[in-house]
Amino acid sequence: MEKNISILGSTGSIGTQSLDVCRMHGYNVKCLTANSNVDLMEAQVREFKPDIVCMMNEDSAKALKTKIADTGTKVVFGMDGLIECAVYDRADTVLNSVVGMIGLQPTLEAIKARKTIALANKETLVAGGHLVTNLAKEYGVSILPVDSEHSAIFQAMQGSPSKSAIKKIILTASGGPFFGKTLDELENVTAADALKHPNWDMGAKITIDSATMMNKGLEFIEAKWLFDMANEDIEIVVHRESIVHSAIVYQDNSMIAQLGVPDMRIPIQYALTYPDREPSPVAPLSLADYGKLTFFEPDYETFKCINVCKKAIEMGGLHPAAANGANEESVKLFLNGKIKFTDIAYLNEEAMLKAPEKKDFTLADVLETDKAAREYVRQSNLN
């Protein structure tokens, strides 16, 4: 079946892998967006011939416009341009792989435009959970998960007769590069140390989130919104090999898991082909090659970011948005050598606790809370 797709964040790790899938299946790429990588965007425009491209950076948009003046592709910029691509009438699916809170507004607008949402931007649901899910229900829009863990749960659920048959869901975590380390051992690790993920090839921000395990905390919140599960029915398990991507447990205690090599093109493709299964560019999994698969309880004492996220979703309202905004800012500070690795969890928790108590919130409330949390982190005396 012909597919017309807009990819938000096409020059990042998920975006480039999404284009691998589009290339293999001959999908029509109608819109592409990026922050500032002009050279890669030019190459993507020349190969996929989209109708519109957006660069968030205005100077980058001007440079790109000059470079691709010989093509018929329209160049736009900024949030208005990002939203234009999200609602473009010639695309039926929007794959949102931008990093951070910037992905929330285009997701909401794409839902209003009744696009199918392939969601790789977890911050959308973390910060604006009830806004996004309520709007999707109102407009009858499907949100298909692209995160490997949530895709695995979604895939495992295809065999479920009903939601009531499911007892709990299990989110697996690689444990990142610092598995088994103590807080004292993490005191002076560098950004270079934290960016050495053992299994996955991801962007810098997500790789740091994996090292702090904030990523798993954010995914805990995302899972709650995607699958409407109680907090106590979501379990996190460290699985070092990243072969079991997540699982569900049925009421009879039978467990169904989704397995595959650690390659994001599997969940990306399933979100684009659902409910069909198609050949993929991913290597087959050989269990014999791995020999054994291991599982461990997370170390909540060392990786406190998980607790921050659990506390945020328990408190509800705007607290998850504050935790997310603080984390984006604290990760920037760490990558720039301004704070210690162990400061990230502390700053995230402090900012999260300062969020206003407001259960029924608007997009403006989310954006204001995000701004305040970032400012709190920037003004901390730790940097």
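The present account deals with the structure reproduced in this document. Computed from a predicted model, the values in this text were never measured in an experiment.

Definitions and limits used
- Residues numbered from 1 in each chain as written.
- Predicted model: local features only at pLDDT ≥ 70, side-chain atom pairs only at ≥ 80, totals over all residues.
- Heavy atoms only, no water.
- Helix = DSSP H or I, 4+ residues; strand = E, 2+ residues; numbered from the N terminus.
- Rg over C-alpha atoms; globule rule 2.2 N^0.38 Å.
- Buried < 20%, exposed > 50% of the residue type's maximum accessible area, 1.4 Å probe, protein only.
- Contact = heavy atoms within 4.5 Å.
- Areas by Shrake-Rupley, 256 points an atom, 1.4 Å probe, with all protein chains shown as cover.
- Lys, Arg positive; Asp, Glu negative; His and termini not counted.
- Charge placed at Lys NZ, Arg CZ, Asp CG, Glu CD.
- Axes fitted to C-alpha atoms, helices over the stretch in contact; angles between N-to-C directions.
- Parallel < 35°, antiparallel > 145°, perpendicular 65-115°, else oblique.
- Polar contact = N/O pair within 3.5 Å; in protein donor to acceptor, adjacent residues only side chain to side chain.
- Nonpolar A, V, L, I, M, F, W, Y, C, P; charged D, E, K, R; others polar.
- Salt bridge = Lys/Arg side-chain N within 4 Å of Asp/Glu carboxyl O.
- Phe/Tyr/Trp six-rings, centres within 6.5 Å; stacked < 30°, edge-to-face > 60°.
- Pairing = 2+ DSSP bridges.
- Arc of directions from axis to C-beta.

1. Side note on the overall build of the protein chain
And step 1. Counting its regular elements, the protein chain contains 17 helices and 11 strands.
And step 2. A globule of 383 residues ought to have a C-alpha radius of gyration of about 21 Å, and the protein chain, at 20 Å, matches this closely.
And step 3. Seen along its three principal axes, the alpha-carbon backbone of the protein chain occupies a region of about 55 × 50 × 40 Å.
And step 4. Within the protein chain, buried positions represent 56% of all 383 residues.
And step 5. Considering only residue pairs separated by 6 or more positions, the protein chain has 68% of its internal contacts joining residues 24 or more positions apart.
And step 6. When the accessible surface of the protein chain is totalled, it reaches about 16,100 Å², and 49% of it is carbon and sulfur.
And step 7. Counting 39 positive and 51 negative side-chain charges, the protein chain places the averaged centre of each group 2 Å from the other.

2. Some points on the packing of helix α5 (residues 104-112) against helix α6 (residues 123-139)
And step 1. Two elements in contact, α5 and α6, have axes separated by 10 Å at closest approach and are oriented at 5°. What the angle tells us is that α5 and α6 run roughly parallel. Taking contact as the criterion, the partners of L104, T107, L108, I111 and K112 in α5 are, on α6, T124, G128, L131, V132, L135, A136 and Y139.

3. Thoughts on unusual backbone geometry
And step 1. Of the consecutive residues Y274 and P275, the connecting peptide bond is found in the cis state with omega at 5°.
And step 2. Position of P275 relative to the elements: it lies in the loop between α12 (265-273) and α13 (287-290).
And step 3. You will see that R114, though not glycine, has its phi angle at about 60°, which is positive.
And step 4. Looking at the secondary structure, you find R114 in the loop between α5 and β6 (116-119).
And step 5. Positive phi values are uncommon outside glycine, yet D228 reaches one of about 55°.

4. Some words on the environment of E357
And step 1. With respect to the secondary-structure elements, E357 resides in the loop between α16 (343-353) and α17 (363-378).
And step 2. For the pair formed by E357 and G316, sequence separation is 41 residues and the distance between their alpha carbons is 8.6 Å.
And step 3. A polar side-chain atom of E357 sits 2.9 Å from a polar atom in the side chain of H319.

5. Examining the environment of T190
And step 1. When you line up the elements, T190 lands in the loop between α8 (183-186) and α9 (191-194).
And step 2. Once the C-alpha coordinates of T190 and N327 are considered, the two residues, 137 residues apart in sequence, prove to be 17 Å apart.

6. Re the packing of helix α10 (residues 204-212) against helix α11 (residues 214-227)
And step 1. Running from N to C, α10 and α11 point in directions that differ by 95°, and their axes come no closer than 5 Å. Taken together, α10 and α11 sit at an angle that is classed as roughly perpendicular. Touching K205, I206, D209, S210 and T212 of α10 are M214, N215 and L218, all from α11.
And step 2. Here the contact of α10 with α11 is composed, by residue class, of 3 nonpolar, 3 polar and 2 charged.

7. Looking at the pattern of salt bridges
And step 1. Per the counting criterion, the structure on display carries 27 salt bridges.
And step 2. The closest approach of N and O atoms between R23 and E47, which form a salt bridge, is 2.6 Å. Placement of R23 in helix α1 (residues 13-25) and of E47 in helix α2 (residues 38-48) is noted, with a sequence separation of 24 residues between them.
And step 3. The exposure class of E47 is partly exposed, given its relative accessible area of 41%.
And step 4. Note that E42 and K67 form a salt bridge whose closest N and O atoms lie 3.9 Å from each other. One end of the pair, E42, is in helix α2; the other, K67, is in helix α3 (residues 58-67), with 25 residues separating them in the sequence.
And step 5. Given the relative accessible area of 37%, K67 is considered partly exposed.
And step 6. Through salt bridges with shared partners, one network takes in E328, E329, K332, D370, R374, E375 and R378.

8. Things to note about the side chain of N231
And step 1. Examined against the element boundaries, N231 turns out to sit in the loop between α11 and β9 (234-238).
And step 2. With sequence-adjacent residues up to four places away left out, N231 is seen in contact with F220, K224, I313 and E314.

9. Points about the packing of aromatic side chains
And step 1. Applying the stated criterion across every chain yields a total of 6 aromatic pairs.
And step 2. Between F179 and F296 the ring centres are 5.1 Å apart and the planes differ by 50°, which places this aromatic pair in the tilted class. Linking F179 in the loop between β8 (166-173) and α8 with F296 in the loop between α13 and α14 (305-315), this pair joins segments that are 117 residues apart in sequence.
And step 3. On the numbers, 5.7 Å between centres and 75° between planes, the contact of Y270 with Y274 is edge-to-face.
And step 4. Taking the relative accessible area as the measure of exposure, Y270 reaches 6% and is therefore buried.
And step 5. Look at Y274 and you get partly exposed, because its relative accessible area is 32%.

10. Remarks on the sheet that holds strand β10 (residues 244-250)
And step 1. With respect to topology, 4 strands assemble into an open sheet ordered β9-β8-β10-β11, the strand pairing being mixed. Two strands close off the open sheet at either side, each with one partner strand: β9 and β11 (255-259). Across the sheet, the axes of successive neighbouring strands diverge by a mean angle of 20°, strand direction being ignored.
And step 2. Pairing of β8 with β9, which is carried by 5 bridges, proceeds in the parallel orientation.

11. Considerations on α2
And step 1. Of the residues making up α2, those classed as buried are V38, M41, E42, Q44, V45 and F48. Take α2 and look down its axis: the buried residues cluster within an arc of 165°, on one side only.
And step 2. Capping the start of α2, N37 holds a side-chain oxygen 3.1 Å from the backbone nitrogen of L40, two or three residues further along.
And step 3. Once α2 finishes, K49 follows within two positions and takes phi at roughly 55°, a positive value.

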